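# Analysis of the macromolecular model
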Amino acid sequence: MKVKTQISGDVAKRLRPGPAKPLFDGPNPSVASKKQKIAVIGMGYVGIPAAVLFADAGYSVIGIQRSSKRSGWKIDRLNEGRCPIGGKEPELPELLEKVVSNQKFHVTEDISAVKEADFILIDVQTPTDEKHIPQYESLKEVCHQIGKYLTPRKIVVIESTVAPGTTEYLVKPILEEESGLKAGLPGGFGLCFSYERVMVGRLIHNIREYPKIVGGIDSESTNLTIELYRSIVKGGVYGTDPMTAEVSKTVENAYRDVQIAFANEVALLCEALGTDVYEVRKFVNGLPNDPSTPGANPVRNMHLPGAGVGGHCLPKDSWLLMHGYDKYAILKSEYPFSVMSDARYLNDWMPMHMANLLESALNEGKRDIKNSMVCVLGYSFLENSDDSRNTPTITFLKELDKRGAKYKIHDPYVKDTEEGYQIEPNLDVAIKNCDALVVMVKHDAYNNITFEKLKKLLHTKIIIDGRNLFDPQKSTASGFIFRGVGKGKKL
Ligand code: SAJ
């Protein structure tokens, strides 16, 4: 299981409540006794755990899921109390079964069910297209639909990640137009943006333990929504305005994406200079904290370079931030922004780098990449997960197609793919007779692959390591041609 970074215990001390908004922390069981009803729209990685936690806190929760080809099947699965999310999600299956059997949570495709709700949470996908423009079809459709059922004092909470400015300039006008009401409490409906911080493998944990930020259009929307979240969030709930909350969410992930791009650039430098990026990283991150602030975050925290960056957050959130700037900035910077976009381009280029490393190694082994057979280890975007959204492996496979290589793909968690790629479930069968082994994802299942096994199965002894799985010296000493991200040859 990927060990995610634990939120430091002093996070509440570092965070300050927004202006004129109370700081609340810890769950508040009394709120749940108000018998309020909650509608959660979008039964995905965000909506399901949120709905289940609110139902377990005592609310009556209705999940709303459109009966699309791709996701409609979840309605019946959820109403049977069975979790549609694969991979290991601690507590989620048990909590779901409990709240369905005690009739605190039910799912429907009928959006008019929001009529009964005091709070309406919107948790739908907000992808970006190939030009990095947000695709808000689902969000707009939902706003048009629920707008018809809004009455004074209902509160709409956007949890989906959106470009800064979207709540104020896109969501609010649609809701006002459809409802005929003005946004704002007490006379109209309430409106907040309050972002999710879920992570695959820790959906329940993150909602319960991480601080929650609530950006309301007015203080009553903010405070009533803070009260709502306090019934399930132990990590503290903080109030602010929608723009600040929207910028915070996208910056949170843009920050990580830039950090990873920095590590990738250092890796390329190390390959060029003939040194090992992981040795460099060990020394850089070894810089001790200033003795005056020993508990602070590390003064250096170089991330891990790799075969690319996937998932449902990092590949799009920097683009959402830039889109918000392009569309809603009240003034334009005289400096042309480039750091976040360049980081995105570099991270998206890393699968190409993997293909270049592969071709270089095959040539050294007197093999032409055209018609070579490659064993690709890992289809998901993250180790020990079955989630393959925006996986870098697809970019890599498309490059192999372009260069005429054939391939077999193994992944211990992914069974079938929406993109039509076949996954070979048996590792030995995937490796057998291949001209190279390419590590795209560092699943735990690969930790015990031995050189002996590879020598027996591979047709050509080549290893391309995108995730620091093998030791370069040991690989070459065992007779393999080796290339690795950040693994420069010792000159
Ligand atoms: N990756 C690297 N190097 C790294 C870290 C990640 O190449 O040092 C790659 C991974 O292989 C993967 C992609 O980046 O392909 C994303 O990995 P991730 O660990 O960021 O996983 P996510 O997408 O689930 O990110 C979530 C985000 N959390 C939220 O949006 C609430 C992210 O902000 C968190 O920092 C991250 O989890 C986490 O901490 O695990």
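Definitions and limits used
Residues numbered from 1 in each chain as written. Predicted model: local features only at pLDDT ≥ 70, side-chain atom pairs only at ≥ 80, totals over all residues. Heavy atoms only, no water. Near = heavy atom within 4 Å. Polar contact = N/O pair within 3.5 Å; in protein donor to acceptor, adjacent residues only side chain to side chain. Areas by Shrake-Rupley, 256 points an atom, 1.4 Å probe, with all protein chains shown as cover. Helix = DSSP H or I, 4+ residues; strand = E, 2+ residues; numbered from the N terminus. Nonpolar A, V, L, I, M, F, W, Y, C, P; charged D, E, K, R; others polar. Domains from an automatic or database assignment. Pairing = 2+ DSSP bridges. Contact = heavy atoms within 4.5 Å. Axes fitted to C-alpha atoms, helices over the stretch in contact; angles between N-to-C directions. Buried < 20%, exposed > 50% of the residue type's maximum accessible area, 1.4 Å probe, protein only. Right-handed = clockwise from strand over helix to strand, strands pointing away. Phe/Tyr/Trp six-rings, centres within 6.5 Å; stacked < 30°, edge-to-face > 60°. Buried area = accessible area lost by both parts, 1.4 Å probe. Salt bridge = Lys/Arg side-chain N within 4 Å of Asp/Glu carboxyl O.

### Let's talk about the site of the ligand
The immediate surroundings of the ligand are formed by 20 residues, with R197, N253, R256, L304 and F381 found nearest. In this structure, K249 approaches the ligand through a side-chain N or O atom, which is 3.1 Å from an oxygen atom. Between an oxygen atom of the ligand and a main-chain N or O atom of F381, the distance comes to 2.7 Å. In the complex, 93% of the free accessible area of the ligand, which totals 740 Å², lies under the protein chains. Here the element with the most residues in the shell around the ligand is helix α10 (residues 242-273); it accounts for four residues. Looking at side-chain class alone, the shell around the ligand contains nine nonpolar, five polar and six charged residues. Two domains each donate at least three residues to the shell around the ligand, and these are domain 1 (16-240) and domain 2 (242-491).

### Comments concerning the sheet that holds strand β14 (residues 481-484)
Whether parallel or antiparallel, the strands of a sheet pair through hydrogen bonds between backbone atoms. Read from one edge to the other, the open sheet built from six strands follows the order β11-β10-β9-β12-β13-β14, with strand pairing classed as parallel. The open sheet has two free edges, formed respectively by β11 (423-424) and β14, since each of these has just one partner strand. Two elements, strand β9 (residues 373-377) and strand β12 (residues 436-439), share four bridges in a ladder whose sense is parallel. Directly across from V374, in β12, lies its bridge partner A436. Packed onto the sheet, helix α14 (residues 392-403) meets β9, β10 (406-410) and β12 and runs at close to 175° relative to β9.

### Regarding the pairing of β14
Residues I481 and R483 of β14 are buried on one face, and the alternating residues F482 and G484, pointing to the opposite face, are buried as well. Where strand β13 (residues 462-465) and β14 come together, four bridges link them in parallel fashion. Within β14, the position partnered with I464 by the bridge is R483. As a crossover connection, the stretch from β13 through helix α17 (residues 472-477) into β14 is right-handed.

### Considerations on the packing of aromatic side chains
A ring pair, where both rings are aromatic, is described by two values, the distance of the centres and the angle of the planes. Summed over all chains, the structure comprises nine aromatic pairs. With 5.1 Å between their ring centres and 20° between their planes, Y169 and Y328 make a pair best called stacked. Of this pair, Y169 sits in helix α7 (residues 166-179) while Y328 sits in helix α12 (residues 314-328); the two residues are 159 residues apart in sequence, bridging distant segments of the chain. Y169 gets classed as partly exposed once you look at its relative accessible area, which sits at 46%.

### Some remarks on the domain arrangement of the protein
When the domains of the protein are assigned, the result is domain 1 (16-240) and domain 2 (242-491). Taking the mean C-alpha position of each, domain 1 and domain 2 sit 33 Å from one another. The interface is formed by 32 residues belonging to domain 1 together with 27 residues belonging to domain 2. The junction of domain 1 with domain 2 conceals about 2,600 Å² of combined surface from both sides, 63% of it contributed by carbon and sulfur atoms. Taken as a group, H132, P164 and V200 account for 24% of the area that domain 1 buries against domain 2, more than any other trio of residues on that side. Put simply, domain 1 and domain 2 have two salt bridges between them. The partner of E252 in a salt bridge is R197, with the nearest N and O atoms 2.6 Å apart. Counting across the domain 1 and domain 2 interface gives seven residue pairs in polar contact (both at pLDDT 80 or more). Sorting the residues of the side of domain 1 that touches domain 2 by element identifies α7 and β7 (212-216) as the ones contributing at least two each. Per element, the largest residue contribution to the side of domain 1 that touches domain 2 is four residues, and it comes from α7.

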